[in-house]
2 protein chains.
Amino acid sequence: MQYSDRILNTPSSFIRNILKVTDSKDVISFAGGLPNPISFPIDALKASVDHAIGENGSKLFQYSSTQGYAPLREYIAAKYQRVHGLDIQPEDVFITTGSQQALELIGKVLINKGDGIIMEEPGYLGAIQAFTLSEPTFYPVTLENDGLNLEELENALQQKNVKFVYTVPNFQNPTGLTYSKEKREQICEILSKYDVALIEDDPYGELRFQGEPLPYIGAGKLENSILLGSFSKTVTPGMRLGFIITKNKELMQHIETAKQASDLHTNIFSQYVIYDYLANNEYTEHVNKIIALYKEQSDTMLAAMDEFFPAHVTYTKPEGGMFIWATMNNGATALEVFEKAMEQKVAFVPGDPFYTSKTGVNTLRLNYTNATPEVIREGIKRLGSIL
Amino acid sequence: MQYSDRILNTPSSFIRNILKVTDSKDVISFAGGLPNPISFPIDALKASVDHAIGENGSKLFQYSSTQGYAPLREYIAAKYQRVHGLDIQPEDVFITTGSQQALELIGKVLINKGDGIIMEEPGYLGAIQAFTLSEPTFYPVTLENDGLNLEELENALQQKNVKFVYTVPNFQNPTGLTYSKEKREQICEILSKYDVALIEDDPYGELRFQGEPLPYIGAGKLENSILLGSFSKTVTPGMRLGFIITKNKELMQHIETAKQASDLHTNIFSQYVIYDYLANNEYTEHVNKIIALYKEQSDTMLAAMDEFFPAHVTYTKPEGGMFIWATMNNGATALEVFEKAMEQKVAFVPGDPFYTSKTGVNTLRLNYTNATPEVIREGIKRLGSIL
């Protein structure tokens, strides 16, 4: 068989391959990006299954609409009005099979082979993977401590056929960095002069344990604003529910066609259940518990890094989310260090798959949400011994 | 915004657009393709939710593996061994977000722009839609009463870069036709001489209410055999669970990469629930009830057509599945008749979207699974009055 060019060029998930190696019981793994399972509201979701079936019967089990369950879209729209002051209507919300599908659908509807995508560097590898299926040209723009480098952004926008800019403005994956208010305004100002879309992918935004929430970069301001959200980090990833918010009707129409062709519609059973859960539980209280948990884990990891890491290693201090990003300044590469770390039974993700333009990098991603403080401290101690 | 060529060329679902028109309460609709909701084993599935959560806890709610839940893949492999005598192992089975996603993933991994796909004509419009995203050249081959026209098939196989042949061998959508044993063997013989894959899409195969089950065309015989299956027609479509079976390891590897990039993995909550349902219930008995129901509905529709349709209308007599296909031989087109039918408050799907090479056709699809015998009779009577 001859396979397609785009699949031959799509990297298989580096992280998923790593996870196969790091999965043994005696390895302390900071490699995953999994929410802590104690954050799943299992009993409440179980009650919502019974309640939703009781109220709606066979509708949970039948084929359903491509754009998603209307009450769930209404709930999301109302929340973005209330929390973010944005004029979002139910018809501006589209339910996807997780945020990952949102990325892939957007690539499908906007990218012809060779068209430009401006990516944060380092950037979310799931997005790189999803977009690669559309065979784009990536224009990486350095992600600094307060957001994209503006000069590089302006240069990248001069390139031919740039269709969109992809950002994770809050507690970015992989770096944990958050765009400053000023940088957000500057980026919005720059993008307002170009016919490009802005994707703000925000799976972690609610998980802020420090500092003040900031307005989105482009939502409510830019005509081609696309916001992505997810229930994976606050309720459950296993049900694969994410959403796209945009007020661009033509874009929405094309996304609907792409979704029909891709999987008809998102699991409607899970949409009913999650909606019932959201409508009948104290969601904010639930999220506050996750925030308290992750803050303790992040604090523990940072304190251990202060104690055990050599001086040449610098690292980010996240205000929320799930990740810390470390940079080694002693000439070592992350892939070399990964081998040594595995000998010490501790794992992380080498920075390489988060870059579209380079390999052999000196950066690495650490996840803190899925281990106890004791285990985090022990893992960082082991890692410090070989850095 | 400039949209991608492939999305501009992808038809939005004709049927879903029709359903918006036909959705009013006083319309008798034979347009959908929905399983009868009384066939959903709701109580048993609800019990399986409790049971699966009780046994596996947070695993139903966490991220999971791309290829799908191992016990579900084992169940499927064992079933194809037992029922079809095929050497299928769990690693030959891959779980997808419905069969629709299986089609889209196969297009992604095999088709470069312009590559050839041989399609039944008329053929399943969801497949046409899914494959169109990969910008193929379609080579239609006439579907006769016993399967593909062999001469046209041989000619189509001479075309450049043909990657696969797409078939629905049992109770085809839209025609309800089933390939004969002889035609299956002839097609297998022909395809064994070419480096192309054969997709056998079989969502309805278990719903046979007449005649003997037949062996697959290529499964177990052709190296590049791809079987597709689904739980949508026998358990529930709302949970979006389908599967791909192939023994081609390289193809499977590429499908896994495409799936990772497309939505990471299929809803794991639903995979646990369906597996628990299958493991703890009398599935065969359940399917036999659906078969009895659909047989009665099909018999009723055929008897009403005999009574009320004019002589110039011919139609298929399905041995299973969900559809009857009618052909008008009085010069009328299906789209004209659709308008008149809507005045009579009865709906069907005009044949047009099932063809890749023509419009203005004289054929139409009737679904019988979602109405009572009384309603079926009344609807066919109304339709007969304007044919």
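Residues numbered from 1 in each chain as written. Chains lettered and ligands numbered in written order. Predicted model: local features only at pLDDT ≥ 70, side-chain atom pairs only at ≥ 80, totals over all residues. Heavy atoms only, no water.

The name given to chain A in an unreviewed UniProt entry is Aspartate aminotransferase, and the organism recorded there is Lysinibacillus contaminans. Reading the Cofactor (unreviewed entry) entry of the UniProt record for chain A gives the comment "pyridoxal 5'-phosphate". (UniProt positions renumbered as here; feature names shortened; annotations may be inferred.)

K.L.:
Would you mind showing me how to read the overall build of chain A here?
P.N.:
A count of helices and strands for chain A gives 13 helices and 14 strands. Scaling as 2.2 N^0.38, a compact globule of 387 residues should have a C-alpha radius of gyration of about 21 Å, and chain A matches this with 21 Å. In terms of overall dimensions, chain A has a C-alpha envelope of 55 × 50 × 50 Å along the principal axes. Split into buried and exposed, the 387 residues of chain A put 65% on the buried side. Separation of charge centres in chain A, based on 34 positive and 47 negative side chains, amounts to 3 Å. (Helix = DSSP H or I, 4+ residues; strand = E, 2+ residues; numbered from the N terminus. Rg over C-alpha atoms; globule rule 2.2 N^0.38 Å. Buried < 20%, exposed > 50% of the residue type's maximum accessible area, 1.4 Å probe, protein only. Lys, Arg positive; Asp, Glu negative; His and termini not counted. Charge placed at Lys NZ, Arg CZ, Asp CG, Glu CD.)

K.L.:
Please clarify how unusual backbone geometry should be interpreted in this entry.
P.N.:
Residues and elements named next belong to chain B. A cis amide bond links Glu121 to the next residue, Pro122, at an omega of 0°. Asn173 connects to Pro174 through a cis peptide bond whose omega is 15°. Relative to the helices and strands, Pro174 is located in the loop between strand E6 (162-167) and helix H8 (181-191). Non-glycine residue Phe171 carries a positive phi angle of around 50°. The topology assignment puts Phe171 in the loop between E6 and H8. Non-glycine residue Leu264 carries a positive phi angle of around 70°. Tracing the sequence through the fold places Leu264 in the loop between helix H9 (249-263) and helix H10 (268-280).

K.L.:
Can you help me understand the pairing of strand E14 (residues 363-367) of chain B in this one?
P.N.:
Put simply, side chains in a regular strand alternate between the two faces of the sheet. Residues and elements named next belong to chain B. With five of its five residues buried, E14 lies for the most part within the structure. Along E14, one buried face is formed by Thr363, Arg365 and Asn367 and the opposite face, lined by Leu364 and Leu366, is buried too. In terms of strand pairing, strand E11 (residues 323-328) meets E14 through five bridges, oriented antiparallel. Across the sheet, the residue bridging to Thr327 is Thr363, located in E14. Strand direction decides the pairing type here: strand E13 (residues 349-350) and E14, joined by two bridges, are antiparallel. The residue of E14 that forms the bridge with Val349 is Arg365. (Pairing = 2+ DSSP bridges.)

K.L.:
Looking at this structure, how should I read the sheet that holds strand E9 (residues 241-245) of chain A?
P.N.:
Residue and element names in this part refer to chain A. Ordered in space as E2-E9-E8-E7-E6-E3-E4-E5, the eight strands form an open sheet in which the pairing is mixed. Either end of the sheet is taken by a strand with one partner, and the two such strands are strand E2 (93-97) and strand E5 (147-148). Bridge analysis of strand E3 (residues 116-121) against strand E6 (residues 162-167) gives four bridges, and the strand direction is parallel. Among the inter-strand pairings, Ile117 is bridged to a residue of E6, identified as Phe164.

K.L.:
Explain the sheet that holds E14 of chain B here, please?
P.N.:
Picture the strands of a sheet paired through backbone hydrogen bonds; they go either parallel or antiparallel. All names here are of chain B. With antiparallel pairing, four strands are arranged side by side in an open sheet as E10-E11-E14-E13. The open sheet is flanked by strand E10 (313-315) and E13, the only strands paired with a single partner. Running over the sheet, helix H11 (residues 283-308) touches E10, E11 and E14 and is turned about 15° from E11. (Contact = heavy atoms within 4.5 Å. Axes fitted to C-alpha atoms, helices over the stretch in contact; angles between N-to-C directions.)

K.L.:
I would appreciate a short explanation of the UniProt feature "domain: Aminotransferase class I/classII large" (unreviewed entry) in chain A in the present structure.
P.N.:
The sites that UniProt annotates as "domain: Aminotransferase class I/classII large" (unreviewed entry) are residues 43-383 of chain A. Helix makes up 42% of residues 43-383 of chain A and strand 18%. Its end C-alpha atoms lie 37 Å apart.

K.L.:
Explanation requested: the domain arrangement of chain A in the structure shown.
P.N.:
Many descriptions give the size of an interface as the accessible area lost when the pieces come together. Residues and elements named next belong to chain A. Examined at the domain level, chain A breaks down into domain 1 (5-41 + 285-384) and domain 2 (63-280). Just the C-alpha atoms count here: the centres of domain 1 and domain 2 sit 24 Å apart. Summing both sides of the interface, domain 1 and domain 2 together bury roughly 3,100 Å²; the carbon and sulfur share of this comes to 66%. Where domain 1 touches domain 2, the interface holds one salt bridge. The salt bridge partner of Arg208 is Glu319, with a shortest N-O separation of 2.6 Å. (Domains from an automatic or database assignment. Buried area = accessible area lost by both parts, 1.4 Å probe. Salt bridge = Lys/Arg side-chain N within 4 Å of Asp/Glu carboxyl O.)

K.L.:
How should the environment of Met1 of chain B be read in this particular structure?
P.N.:
With respect to the secondary-structure elements, Met1 of chain B resides in the segment before helix H1 (5-9). Separated by 77 residues in sequence, Met1 of chain B and Ala78 of chain B have C-alpha atoms that sit 50 Å apart. Those residues in contact with Met1 of chain B that sit more than four places away from it in its chain are Leu110, Lys163, Asp195, Val196, Ala197, Asn224 and Asn248 of chain A.

K.L.:
Would you mind going over the packing of helix H4 (residues 70-84) of chain A against helix H10 (residues 268-280) of chain A with me for this structure?
P.N.:
All names here are of chain A. H10 packs onto H4 with a crossing angle of 45° between their chain directions and a minimal axis gap of 9 Å. By the criterion of interaxial angle, the relationship of H4 to H10 is oblique. When you trace H4 past H10, the crossing you get is left-handed. Across from Pro71, Leu72 and Tyr75 in H4, the residues of H10 making contact are Gln271, Ile274, Tyr275 and Leu278. For the contact of H4 with H10, the class distribution of residues is six nonpolar, one polar and no charged. (Parallel < 35°, antiparallel > 145°, perpendicular 65-115°, else oblique. Left-handed = near helix turned anticlockwise from the far one by under 90°. Nonpolar A, V, L, I, M, F, W, Y, C, P; charged D, E, K, R; others polar.)

K.L.:
I'm lost on the packing of aromatic side chains in this one. Help?
P.N.:
Both the distance between ring centres and the angle between the ring planes are used here to describe each pair of aromatic rings. Under the definition given, this model contains 28 aromatic pairs over all chains. Ring geometry for Phe131 of chain A against Tyr166 of chain A: centres 5.6 Å apart, planes inclined by 80°, an arrangement best described as edge-to-face. Placement of the pair is Phe131 of chain A in helix H6 (residues 125-132) and Tyr166 of chain A in strand E6, with a sequence separation of 35 residues. We classify Tyr166 of chain A as buried; its relative accessible area is 0%. Feature note: the residues Phe40, Phe61 and Phe269 of chain A together with Phe40, Phe61 and Phe269 of chain B constitute an aromatic cluster, connected by ring pairs. (Phe/Tyr/Trp six-rings, centres within 6.5 Å; stacked < 30°, edge-to-face > 60°.)

K.L.:
I'm lost on helix H7 (residues 150-157) of chain B in this one. Help?
P.N.:
Turn by turn, an α-helix covers 3.6 residues, leaving residues three or four places apart pointing in a common direction. Residues and elements named next belong to chain B. Along H7, the residues that are buried comprise Leu153, Ala156 and Leu157. Looking straight down H7, one finds its buried side chains confined to an arc of 100°; they lie on one side. Elements that come into contact with the buried residues of H7 comprise strand E3 (116-121), strand E4 (137-144), strand E5 (147-148), E6 and H8. At the N-terminal end of H7, a side-chain oxygen is found 3.0 Å from the backbone nitrogen of Glu151, two or three residues along, and the residue is Asn149. (Arc of directions from axis to C-beta. Polar contact = N/O pair within 3.5 Å; in protein donor to acceptor, adjacent residues only side chain to side chain.)

K.L.:
Is there a simple way to think about the environment of Arg6 of chain B in this case?
P.N.:
Turning to its location among the elements, Arg6 of chain B is positioned in helix H1. Sequence spacing of Arg6 of chain B and Glu285 of chain B is 279 residues, and the spatial spacing of their C-alpha atoms is 44 Å. Of note is the side chain of Arg6 of chain B, whose polar atom sits 2.8 Å from the side chain of Ser134 of chain A.

K.L.:
I would appreciate a short explanation of the side chain of Asn248 of chain A in the present structure.
P.N.:
With respect to the element layout, Asn248 of chain A can be found in the loop between E9 and helix H9 (249-263). Within polar-contact distance, the side chain of Asn248 of chain A engages the backbone nitrogen of Glu250 of chain A at 3.1 Å. Non-local contacts of Asn248 of chain A, meaning those with residues more than four positions away in its chain, are made with Glu223 and Asn224 of chain A together with Met1 and Tyr3 of chain B.

K.L.:
Is there a simple way to think about the interface of chain A and chain B in this case?
P.N.:
Tallying the contact residues gives 79 residues for chain A and 79 residues for chain B. In total, about 6,600 Å² of surface goes out of reach between chain A and chain B, with carbon and sulfur atoms giving 57% of it. Here Lys108 of chain A makes a salt bridge to Glu104 of chain B, at a shortest N to O gap of 2.9 Å. Counting across the chain A and chain B interface gives 40 residue pairs in polar contact (both at pLDDT 80 or more). Elements represented by at least two residues in the side of chain A that touches chain B include exactly helix H1 (5-9), helix H2 (14-22), helix H3 (42-56), helix H5 (98-110), H6, H9 and H10 of chain A. Element by element, the count of residues in the side of chain A that touches chain B is highest for H9 of chain A, at 10 residues.

K.L.:
Help me out: how do you make sense of the relation of the copies chain A and chain B in this one?
P.N.:
Copy one and copy two of the chain differ by a rotation about an axis and a translation along that axis. Relative to chain B, chain A is turned by 180° and slid 0.0 Å along the rotation axis, the superposed coordinates differing by an RMSD of 0.0 Å. Here the transformation between the copies is reduced to the relation of a two-fold axis. Comparing interface residues between copies, 100% of those in chain A also sit at the interface in chain B, which points to an isologous, same-surface contact. (Least-squares fit on C-alpha atoms with pLDDT ≥ 70 in both.)

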